[in-house]
Amino acid sequence: MASTVTSEPSANAPTPSRPGYGQLLRTRGAWTFLLPGFAARQPFAMLTVSIVLLVRHTTGSYAAAGAAAAVTGVSMALFAPYSGRLADRHGQRAVLIPGVVAHALSGLALTALALSHAPLWALLAAAVPTGASIPQIGPMVRARWAVKLQDSPLMSTAAAFESVTDELTFVVGPLLATALCTAVAPAAGLVTEASLTLLGGLLFAARRSTQPSVGAVGGHARVEHASALRIPGVRVLIVAFLGIGSVFGGMQVSLAAFTESIGEPGLNGVLYGTFAAGNMLSGLVCGAVAWKAAPRPRLLVGYAALALTASGLWSAHSVPVLAGLGLLVGMCIAPALITGYTLVEELVPAGARTEAFTWLTGAVALGQAAAVTVAGQLEDRFWGGAGFLVPMGGTLLALVTLLALRSHLAARPRSRTIARGVGHRVPVTVD
């Protein structure tokens with residue numbers, strides 16, 4: 001039976017006329033999941049760099065290193081939506097606890113195999129559970145914001161805040177992983193990532209009071225869960241996020257190859273940190289602006305800027321030029337990411353948002369995995385810097401898709417007819 005539902009702002013969130021970070025961070029209960037969420041997502045930023053540096057050290061091949069990192073990313077992309085669906089149905093804690101334990105054990109097994117100079121097929125086999133068990137902390141935090149804010153003007157600010165938080169981890173993570181792998185031991189980065197994932201994930205899982213509700217309560221019928229992938233706008237956003245992943249993967253391999261070619265491998269983390277810092281700074285600005293333009297045109301304009309700047313990376317032949325271009329590319333990524341996550345809140349019913357967020361996160365990982373593989377092959381077989389062609393190709397193809405299918409990104413109306421139980425639900429504490 002259908003009923004007309006008019007969404008109202010959540011009682012948990014303030015509704016200021018000009019949304020800002022101050023108002024967002026005063027949302028009741030927000031800090032109880034923000035701090036452990038930040039600790040839990042930090043190791044993820046270390047994973048790809050740690051795998052690339054360890055496998056490159058033990059095999060001497062960027063292609064092998066890229067393949068191991070790619071399998072990890074593909075495995076994550078395939079399993080992340082299923083993990084998000086399970087979290088929507090059974091609760092985040094029920095998924096997180098076994099997941100972080102499995103990830104820590106898998107990461108340590110991959111480390112041991114690499115150090116023992118196991119064949120490539122064994123490394124790739126170990127990379128599968130390592131990627132499949134990556135905890136989806138970012139989507140889970142975003143789902144908690146959606147419960148707290150429910151149609152508040154602060155939702156776009158929350159999306160910007162989460163993008164900034166993600167990029168802060170990608171400033172710190174690669175620097176930390178590079179420092180551990182080069183100054184301590186090649187395996188130190190991956191061992192630290194596994195250990196921090198276990199500790200941070202358990203701390204986040206302990207914050208049960210802020211996780212989204214599971215199913216219906218009391219005598220009400222259980223909600224029928226439909227996959228977020230059935231929504232056309234989600235599929236279009238997946239393509240856009242695949243292109244963004246191609247930037248991350250292409251930059252990681254190509255920057256490592258470039259800095260090694262000039263005899264300064266320690267600059268890898270600095271250059272990648274500069275790229276991530278641009279993303280973080282533009283994310284801060286996006287969250288502070290009271291946007292008058294709708295999300296869809298903002299996404300199209302922002303993505304066009306990303307494709308344009310990424311197209312110039314291959315021509316950089318010095319550290320200052322590459323750092324400057326990387327900064328610009330990073331500054332163009334945040335608006336696209338933030339607007340994409342904001343559109344999820346408008347396109348997807350509340351009961352499927354964790355899954356939708358994990359589809360987008362998985363798309364970034366899949367794009368990154370493909371880019372790492374292709375860029376590694378290009379760097380091994382062609383000229384130095386050939387891997388930078390990957391971000392250009394990935395973003396241009398995604399931009400064409402966005403322009404062709406932009407009609408699918410039209411937001412749902414605030415007052416709408418929906419199936420009973422599928423729209424916004426009153427959040428409850430789940431123990």
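What you see as residue numbers is a count from 1 along each chain, following the sequence as written. For a predicted model such as this one, the threshold for reporting local features is a pLDDT of at least 70, and the threshold for listing and counting side-chain atom pairs is 80 or more; totals across whole chains, interfaces and linings nevertheless cover every residue. Water and hydrogen atoms were dropped before computing side-chain values, which therefore reflect all heavy atoms in the structure.

Overview of the overall build of the protein chain
- From N to C terminus, the protein chain includes 15 helices and two strands.
- Only carbon and sulfur atoms are counted for the fraction: they give 68% of the accessible area of the protein chain, which is about 16,800 Å². The numbering of helices and of strands both runs from the N terminus, where a helix is a DSSP run of H or I of at least 4 residues and a strand a run of E of at least 2. Exposure was quantified through the Shrake-Rupley algorithm and a 1.4 Å probe, taking into account, for residues, occlusion by the shown protein chains and nothing else.

Describing helix 6 (residues 120-132)
- Here helix 6 contains 13 residues, and its C-alpha end-to-end distance of 19 Å stays within 8% of the 18 Å for a straight helix at 1.5 Å per residue.
- Buried residues belonging to helix 6 abut helix 3 (44-59), helix 4 (62-90) and helix 5 (92-115). By definition here, a helix of n residues has an expected span of 1.5 Å times n minus one. Residues count as neighbours in contact if any of their non-hydrogen atoms are within 4.5 Å of one another.

With respect to the packing of helix 12 (residues 295-310) against helix 15 (residues 389-404)
- All axes here are fitted lines through C-alpha atoms, helices being fitted over the stretch that makes contact, and every angle between N-to-C directions spans 0 to 180 degrees. Here helix 12 crosses helix 15 at 155°, and the two axes come no closer than 8 Å. Relative to helix 15, helix 12 is oriented roughly antiparallel. Considering only the axes of helix 12 and helix 15, their crossing is left-handed. From helix 12, Leu299, Leu300, Tyr303, Ala304, Leu306, Ala307 and Ala310 reach across to helix 15, where they touch Pro391, Met392, Thr395, Leu396, Ala398, Leu399, Leu402 and Leu403.
- Ten residues, namely Ala, Val, Leu, Ile, Met, Phe, Trp, Tyr, Cys and Pro, are considered nonpolar, four, namely Asp, Glu, Lys and Arg, are considered charged, and the remaining ones, Gly among them, are considered polar. In terms of residue class, the contact of helix 12 with helix 15 is built from 14 nonpolar, one polar and no charged. Orientation categories follow fixed angle ranges, with anything under 35 degrees roughly parallel, anything over 145 roughly antiparallel, 65 to 115 roughly perpendicular, and all other angles oblique. Should the near helix be turned anticlockwise from the far one by less than a right angle, the crossing is left-handed, and should it be turned clockwise, the crossing is right-handed.

Remarks on the environment of Thr361
- Along the chain, Thr361 turns up in helix 14 (residues 353-381).
- Using a 1.4 Å probe on the protein chains alone, a residue whose accessible area is under 20% of its type maximum counts as buried, one over 50% counts as exposed, and one in between counts as partly exposed. Classification of Thr361 as buried rests on a relative accessible area of 13%.
- In sequence terms Thr361 and Gly138 are 223 residues apart; their C-alpha atoms lie 8.2 Å from each other.

Overview of the packing of helix 3 against helix 5
- Contact pair helix 3 / helix 5: the axes reach a minimum separation of 9 Å and the direction vectors enclose 20°. Judged on the interaxial angle alone, helix 5 and helix 3 are roughly parallel. Crossing hand, helix 3 versus helix 5: left-handed. Seen from helix 3, the contacting residues are Leu47, Ile51, Leu54 and Thr58; seen from helix 5, they are His103, Leu110, Thr111, Ala114 and Leu115.

Points about a nonpolar patch on the surface
- Candidates for patches are residues over 30% relative accessible area with no salt bridge; among them, like charges are joined within 9 Å and nonpolar side chains (Val, Leu, Ile, Met, Phe, Trp, Tyr) within 5 Å. For salt bridges, the criterion is a side-chain nitrogen of Lys or Arg within 4 Å of an Asp or Glu carboxyl oxygen. Together, Phe38, Leu168, Val172, Leu176 and Leu196 make up an exposed nonpolar region whose accessible area comes to about 330 Å².
- Top element by residues in the nonpolar patch is helix 8 (residues 154-184). It accounts for three residues.
- With respect to the helices and strands, the residue Leu176 is situated in helix 8.
- Since its relative accessible area comes to 32%, Leu176 is described here as partly exposed.

Observations regarding the packing of aromatic side chains
- Ring pairs shown here join Phe, Tyr and Trp side chains whose ring centres sit within 6.5 Å, with only the six-membered ring taken for Trp; geometry is labelled stacked below 30 degrees between planes, edge-to-face above 60, and tilted in between. Summed over all chains, the structure comprises three aromatic pairs.
- On the numbers, 5.3 Å between centres and 80° between planes, the contact of Phe33 with Trp145 is edge-to-face. Residue Phe33 is found in helix 2 (residues 31-41), and its partner Trp145 is found in helix 7 (residues 137-149); the two are separated by 112 residues along the sequence.
- Phe33 gets classed as buried once you look at its relative accessible area, which sits at 0%.
- A relative accessible area of 1% means that Trp145 is categorised as buried.
- For the ring pair Phe248 and Phe275, a centre distance of 5.7 Å and an interplane angle of 70° mean the geometry is edge-to-face. On the criterion of sequence distance, the pair formed by Phe248 in helix 10 (residues 232-261) and Phe275 in helix 11 (residues 267-288) is long-range, its members being 27 residues apart.

Some remarks on the side chain of Thr111
- Tracing the backbone through its elements, the reader meets Thr111 in helix 5.
- Among the residues examined, Thr111 registers a relative accessible area of 4% and is labelled buried.
- For Thr111, the contacting residues outside a window of four places in its chain are Leu54, Ala187, Leu190 and Val191.

What about the nonpolar core?
- Among the nonpolar cores identified, the biggest contains 77 residues, and Trp145, Phe241, Ile244, Tyr303, Ile333 and Val348 are the most heavily contacted of them.
- With 14 residues, helix 13 (residues 319-347) is the largest single contributor of residues to this core.
- If near-sequence neighbours (up to four positions away) are discounted, Ile244 is found in contact with Tyr303, Leu306, Ile333, Ala336 and Leu337.
- In this structure, Leu47, Met76, Leu123 and Ala371 belong to the second largest nonpolar core, which totals 26 residues. Here the nonpolar core consists of buried residues drawn from Ala, Val, Leu, Ile, Met, Phe, Trp, Tyr and Cys, with membership extended through side-chain atoms lying within 4.5 Å.

Side note on the environment of Leu154
- Among the structural elements, Leu154 can be located in helix 8.
- Along the primary structure Leu154 and Thr27 are separated by 127 residues, whereas in three dimensions their C-alpha atoms are 9.8 Å apart.

Looking at the environment of Leu322
- As for its position among the elements, Leu322 is in helix 13.
- The spatial distance from the C-alpha of Leu322 to the C-alpha of Phe258 is 9.8 Å, given a sequence separation of 64 residues.
- Contact partners of Leu322, with chain neighbours within four places excluded, come to Leu255, Phe258, Leu271, Leu313, Ala316 and Phe388.

Considering the side chain of Thr27
- By secondary structure assignment, the location of Thr27 is in the loop between helix 1 (21-25) and helix 2.
- Judged by its relative accessible area of 2%, Thr27 is buried.
- Separated by 2.7 Å, the side chain of Thr27 and the backbone oxygen of Leu24 make a polar contact. Polar contact is defined as a pair of N or O atoms within 3.5 Å, subject to the rule that within protein one atom must be able to donate a hydrogen and the other to accept it, and that residues adjacent in sequence are counted only when both atoms are side-chain atoms.

Digging into the confidence of the model for the protein chain
- With 84% of its residues at a pLDDT of at least 70, the protein chain reaches an overall mean of 77.
- Scored below 50 in pLDDT, residues 1-17 shows 42 contacts in the model against residues more than four places distant or in partner chains.
- Counted against residues more than four places away or in other chains, residues 414-431, with its pLDDT under 50, gives 52 contacts. On a scale of 0 to 100, pLDDT captures the predictor's confidence in every residue.

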